[in-house]
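Architecture at a glance
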Amino acid sequence: MSRSTIVTDQLAHERMIFEQLPVPKAVAAMVVPTIVSQIISVVYNLADTWFVGLTGNAGAVAAISLCLPVYTMMSAFSNLFGIGGSSMIARAVGMKEINNARTDFSISFWAALVTAAVYSLFILIFARPFLLLIGGDSSSIDYAVSYVYITIVIGGIPTILASTFAHLIRSAGESKAASSGMMIGAVLNIVLDPLFMFVLLPSGFEVIGAAIATTVSNTVSLIYFICYLNKHHDGTFFDISPRLLKRSRRIFWKIIKCGLPSFALVGMAMISNFFLNGMIGSGVDGSAVAGMGIVRKIDSLAYAVNQGITQGMLPIVAYCYASGRIQRMKSVVLFCSVCTVGFSLVCSIISYLFAPVLISVFIKDASTIAYGAKFLRIMCISVSLYPITFVVITLFQSVGQSVKPFILSLLHKGSFDILLLFIIRSLYGAENIVWAAPVMDAVALTSAVLMAFTLFRKLNRSSY
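All right, on to the packing of aromatic side chains then. Inspection of every chain in the model, using the stated rule, returns 17 aromatic pairs. Between Y224 and F225 the ring centres are 5.3 Å apart and the planes differ by 75 degrees, which places this aromatic pair in the edge-to-face class. By relative accessible area, Y224 is classed as partly exposed at 24%. A relative accessible area of 0% places F225 in the buried class. By way of ring pairs, the aromatic residues F105, F109, W110, F165, Y224, F225 and Y228 are connected into one cluster. In this structure, R377 packs its charged tip against the face of Y352, placed 5.4 Å from the ring centre.

See below:
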């Protein structure tokens, strides 16, 4: 098959999804595989904690929780270059600029690779002092250091690259292929966890076993994507050749600008959670901290589905914007808004009505259940508020704007909410600081609606 034929076939596939299919079917084609992979990822994140919890070793369980924000930073880096690159690629293809799409793909890959290497080196040098700084103690620090050495120092590059490739491949309309690679790793991790923790390694090495399972699984995901790209790279924009880096500086910063809001959503949320946990831990007691941790696990399902919807919609919106299909773009945004809000409202209602029951699934301690139920009923308000903000953030990323979505990301987490934590603590006590989340999400939602209205009004004027 000739190079030009492959290009034509790929463009025809994208046109079918991005231009021709009815909006609900087009969105479903992109979103459903992404949602499934997101949910499976949530399950395997819970599996690590659950399997380690079977040991009854409190220090080991604490180590897994301690490492979560350090490990999650790799998702932030993947979002930075994967989502930023995906927006650039989809808009380039929408304007039929295939060579530019190739350049965007290559630069996104190399930027992610270098960043992964630098982050791995940072953890190699500073793991112990950094983990002690964020809450490690004598019972957990050795487990935590071992875990991050394996998952980040050794496994950082495959973890970041696999997730980045998933975002970039999705920009070509290949949502099933992108999600398949991530699901393979997630399912494999669930299978390998008990094998390494309880069969292959001796007692006392469960945390190391969990880390090895995670690293092997992410490496397998990367191998899947390498094989996929090797099979499909001829004539497509799936190109990682270094020769395409000659215009790297200008395009690199454009990718950074597009991906920064998604990076901030993850990174600033972790910073906010550091303050939240610290205040609850020092102002209430350990049961409250445990309750808040369980609430995050329960909320992670709604968050994963909303992220799956917005990540799946981004290439469609970017393509429609670049190709001048503004009405279809608006229809996609509206449909995704209805889906995210509808699902989130269902989750919120269930969480509010059955809060004690849901918390008791994870723990039987009465005090923890009481705190967890209270926190969950507050946080379910946020779950019903932030979906539209996420959709609007993705909308602005899709059209190449960076400042407004970055502001919305900061309004959601990591800026004024931290100040609000201190204010609420001083006025109403530490056990009520969770109210900072729905308050700030209401502010972010209002801002997002106003920004989206302004954008669509400009687009309507320019279309005449």
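With that settled, the discussion passes to the packing of helix α11 (residues 326–353) against helix α13 (residues 366–398). The N-to-C vectors of α11 and α13 enclose an angle of 170 degrees; their axes lie 8 Å apart at closest approach. When the axis of α11 is compared with that of α13, the two are roughly antiparallel. Looking at the contact of α11 with α13, its residues break down into 15 nonpolar, six polar and one charged.

For helix α6 (residues 156–170), built from 15 residues, the straight-helix expectation of 21 Å at 1.5 Å per residue is met to within 8% by its first-to-last C-alpha distance of 22 Å. Across the 15 residues that make up α6, a large majority, 14, are buried.

A few words now on empty space enclosed by the protein. Evaluation of the coordinates by the stated rule reveals three cavities of 30 Å³ or more. When residues of the lining of the largest cavity are traced back to their parent elements, those giving at least two are α3 (58–94), α9 (248–283), α10 (286–322) and α13. Each residue belonging to the lining of the largest cavity can be placed in one class, and the counts come to five nonpolar, seven polar and no charged. Within this model, the second largest cavity holds a volume of roughly 90 Å³. In terms of lining residues, the second largest cavity is bounded by S272, N273, L276, M379, K413, D417, L421, I433, V434, A436 and A437.

The subject of this paragraph is the packing of α6 against helix α7 (residues 175–200). Here α6 crosses α7 at 165 degrees, and the two axes come no closer than 8 Å. Of the possible angle classes, the one that applies to α6 and α7 is roughly antiparallel. Regarding α6 and α7, the two cross each other, and that crossing is left-handed. On α7, the residues that touch A162, S163, A166, I169 and R170 of α6 are S175, A177, A178, S179 and M182. Residue composition of the contact of α6 with α7, by class: six nonpolar, three polar and one charged.

Rules used throughout
- Residues numbered from 1 in each chain as written.
- Predicted model: local features only at pLDDT ≥ 70, side-chain atom pairs only at ≥ 80, totals over all residues.
- Heavy atoms only, no water.
- Phe/Tyr/Trp six-rings, centres within 6.5 Å; stacked < 30°, edge-to-face > 60°.
- Buried < 20%, exposed > 50% of the residue type's maximum accessible area, 1.4 Å probe, protein only.
- Lys NZ or Arg CZ within 6 Å of the ring centre and 35° of its normal.
- Axes fitted to C-alpha atoms, helices over the stretch in contact; angles between N-to-C directions.
- Helix = DSSP H or I, 4+ residues; strand = E, 2+ residues; numbered from the N terminus.
- Parallel < 35°, antiparallel > 145°, perpendicular 65-115°, else oblique.
- Nonpolar A, V, L, I, M, F, W, Y, C, P; charged D, E, K, R; others polar.
- Expected span 1.5 Å × (residues − 1).
- 1 Å grid on protein atoms, 1.4 Å probe; cavity = no way out; pocket = protein on both sides within 12 Å on 5 of 7 lines; lining within 4 Å.
- Points joined across faces, edges and corners; volume = space filled by probe spheres on them.
- Left-handed = near helix turned anticlockwise from the far one by under 90°.
- Contact = heavy atoms within 4.5 Å.

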